[in-house]
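Single-letter residue listing:
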There are 2 protein chains.
Amino acid sequence: MKDFKPYYAVIFTSTQTENVEGYNAMAQKMEDLAKQQEGFIIIDMAREAVGITVSYWRSLEAIKALKQNSEHLIAQQKGKQQWYSWYNTRICKVEREYEVGEK
Amino acid sequence: MKDFKPYYAVIFTSTQTENVEGYNAMAQKMEDLAKQQEGFIIIDMAREAVGITVSYWRSLEAIKALKQNSEHLIAQQKGKQQWYSWYNTRICKVEREYEVGEK
């Protein structure tokens with residue numbers, strides 16, 4: 001892929017507590033917030049024993065802007081206090097990509 | 001994290017066909033294979049509308065070795081032909097990480 005431009009992935013992995021009241025509404029709100037941000041590319045998520053949400057971004061600046069968003073900070077606080085027993089956030093640079101078929 | 005050493009993530013995102021016969025056994029085999037490889041760190045996976053599997057590795061060489069493993073090549077071929085309607089593999093460099101709580 002000679003025109004491949006590196007971009008960034010935020011891998012958010014989590015396990016939930018039993019008290020997930022309000023979680024779904026906030027998760028939807030955070031997804032909508034991400035999609036409105038400049039530099040957003042796409043988001044994928046799935047949850048079984050662990051939840052994995054991966055959002056993709058054009059730049060580190062775009063990720064920083066999301067992180068500093070006040071609504072995002074409130075959700076993060078609530079997540080720490082109530083919804084998540086554990087979470088990990090990794091900021092990654094996507095260096096190569098292969099795709100087969102159509103989504 | 002002053003002792004943070006960059007490592008690598010392979011993000012495998014997929015949608016399945018309706019013909020998933022043999023898939024679970026092969027998925028388990030591939031997970032076991034990854035865990036035996038030198039340079040393997042950890043693997044997380046979850047599936048809902050899309051499946052997301054993220055494996056973490058000490059080096060690009062370790063990822064290359066897995067990719068070239070003959071059992072992995074067979075699984076890949078079978079995945080293309082039968083199990084997946086679409087998939088995407090991204091090789092990423094993990095540059096930063098934040099963790100809260102215990103997994």
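Look up: the structure comes first, before these words.
Each chain has its residues counted from 1, running along the sequence as written. Here chains are named by letter from A upward and ligands by number from 1 upward, in the order in which they appear as written. Selection of residues for local features in this predicted model requires a pLDDT of at least 70, selection of side-chain atom pairs for listing and counting requires 80 or more, and totals for whole chains, interfaces and linings are taken over all residues. Working from all heavy atoms in the structure, the side-chain values ignore hydrogens and water.

**Q** Looking at this structure, I do not really get the nonpolar core. What am I missing?
**A** One recurring pattern in soluble globular proteins is that nonpolar side chains are buried together. Joining through side-chain atoms within 4.5 Å is the link that ties buried Ala, Val, Leu, Ile, Met, Phe, Trp, Tyr and Cys residues into a set, and such a set is a nonpolar core. Per-residue accessibility, obtained with a 1.4 Å probe over protein chains only, is compared with the maximum for each type, and a residue is labelled buried under 20%, exposed over 50%, and partly exposed between these values. Core analysis: the biggest nonpolar cluster contains 20 residues, and Ile11, Ile52 and Val54 of chain A together with Ile11, Ile52 and Val54 of chain B have the highest contact counts within it. Breaking this core down by element, the ones donating at least two residues are strand S1 (7–16), strand S3 (51–57) and strand S4 (84–101) of chain A together with strand S1 (7–16), strand S3 (51–57) and strand S4 (84–101) of chain B. Residue contacts follow a heavy-atom distance rule, with two residues in contact if any of their heavy atoms lie within 4.5 Å. Excluding residues within four positions of it along the chain, Ile52 of chain A makes contact with Ile11, Phe12, Thr13, Asp44, Met45 and Ala46 of chain A together with Asp44, Met45, Ala46, Ile52 and Val54 of chain B. Strands are runs of DSSP state E lasting at least 2 residues, helices are runs of H or I lasting at least 4, and numbering of each runs from the N terminus.

**Q** Sorry, what's going on with the relation of the copies chain B and chain A here?
**A** Relating the two copies of this chain is a rotation about some axis coupled with a shift parallel to it. For the pair chain B and chain A, the relating rotation is 180°, the translation along its axis is 0.0 Å, and the fit reaches an RMSD of 0.0 Å. Both copies of the chain, as the preceding transformation shows, are related through a two-fold rotation axis. Counting the interface residues of chain B, we find that 100% of their copies in chain A are interface residues as well, pointing to one common contact surface. To line up the copies, we fit them by least squares on C-alpha atoms, keeping just the residues with pLDDT of at least 70 in both.

**Q** So what exactly am I meant to see when it comes to the environment of Gln82 of chain B here?
**A** All names here are of chain B. On the secondary structure map, Gln82 appears in helix H3 (residues 70–83). The exposure class assigned to Gln82 is buried, which follows from its relative accessible area of 15%. It is 39 Å that separates the C-alpha atoms of Gln82 and Gly101, two residues lying 19 residues apart in sequence. For Gln82, the contacting residues outside a window of four places in its chain are Thr17, Asn19, Val20 and Glu21. N or O atoms within 3.5 Å of each other form a polar contact, as long as, within protein, one can give a hydrogen and the other can take it, and as long as residues adjacent in sequence are counted only when both atoms are side-chain atoms. Looking at Gln82, its side chain comes within polar contact range of the main-chain oxygen of Asn19, at 3.1 Å.

All quantities given are derived from atomic positions and should not be read as evidence of function.
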